[in-house]
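Single-letter residue listing:
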Amino acid sequence: MTVTLTSLSATIIFVIACLAGFQYRRVWKAEGPKWQLWLFGLIAAACLLIVGFMPVVP
């Protein structure tokens, strides 16, 4: 069984990664709580790994 992403789902996951990265930067510049840095950083990293390593079917 091969797991693939559609173009739409890959785009949505990428947008989530971008938003999480933006929130990470905002919390980092404000010197906010460390748990929020971890949360947004892990979300962004997971989304980018999914988009980067799963095949996309047009």
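Presented here is a report on the structure given in the accompanying data block.

Criteria and cut-off values
- Residues numbered from 1 in each chain as written.
- Predicted model: local features only at pLDDT ≥ 70, side-chain atom pairs only at ≥ 80, totals over all residues.
- Heavy atoms only, no water.
- Core = buried A, V, L, I, M, F, W, Y, C linked by side-chain atoms within 4.5 Å.
- Buried < 20%, exposed > 50% of the residue type's maximum accessible area, 1.4 Å probe, protein only.
- Contact = heavy atoms within 4.5 Å.
- Helix = DSSP H or I, 4+ residues; strand = E, 2+ residues; numbered from the N terminus.
- Axes fitted to C-alpha atoms, helices over the stretch in contact; angles between N-to-C directions.
- Parallel < 35°, antiparallel > 145°, perpendicular 65-115°, else oblique.
- Left-handed = near helix turned anticlockwise from the far one by under 90°.
- Nonpolar A, V, L, I, M, F, W, Y, C, P; charged D, E, K, R; others polar.

1. Brief notes about the nonpolar core
Membership of the largest hydrophobic core is limited to 5 residues, which are Leu5, Ala10, Ile13, Ala17 and Cys47. In this structure alanine 10 touches Leu5, Val51 and Val56, once residues within four positions along its chain are discounted.

2. Brief notes about the environment of serine 7
Here serine 7 shows up in helix H1 (residues 7–29). Sequence spacing of serine 7 and alanine 17 is 10 residues, and the spatial spacing of their C-alpha atoms is 15 Å. Apart from the residues within four sequence positions on either side, serine 7 is in contact with Val56, Val57 and Pro58.

3. Considerations on the packing of H1 against helix H2 (residues 34–53)
Where H1 meets H2, the closest approach of the two axes is 8 Å, and the angle between their N-to-C directions is 155 degrees. One element, H1, and the other, H2, form an angle in the roughly antiparallel class. Seen along the crossing, H1 lies across H2 with a hand that is left-handed. Contact with H1, carried on its side by Ala10, Ile13, Phe14, Ile16, Ala17, Ala20, Gly21, Gln23, Tyr24, Val27 and Trp28, involves Gln36, Leu37, Phe40, Gly41, Ile43, Ala44, Cys47, Leu48, Ile50 and Val51 of H2 and no other residues of that element. In the contact of H1 with H2, the residues fall into 17 nonpolar, 4 polar and no charged.

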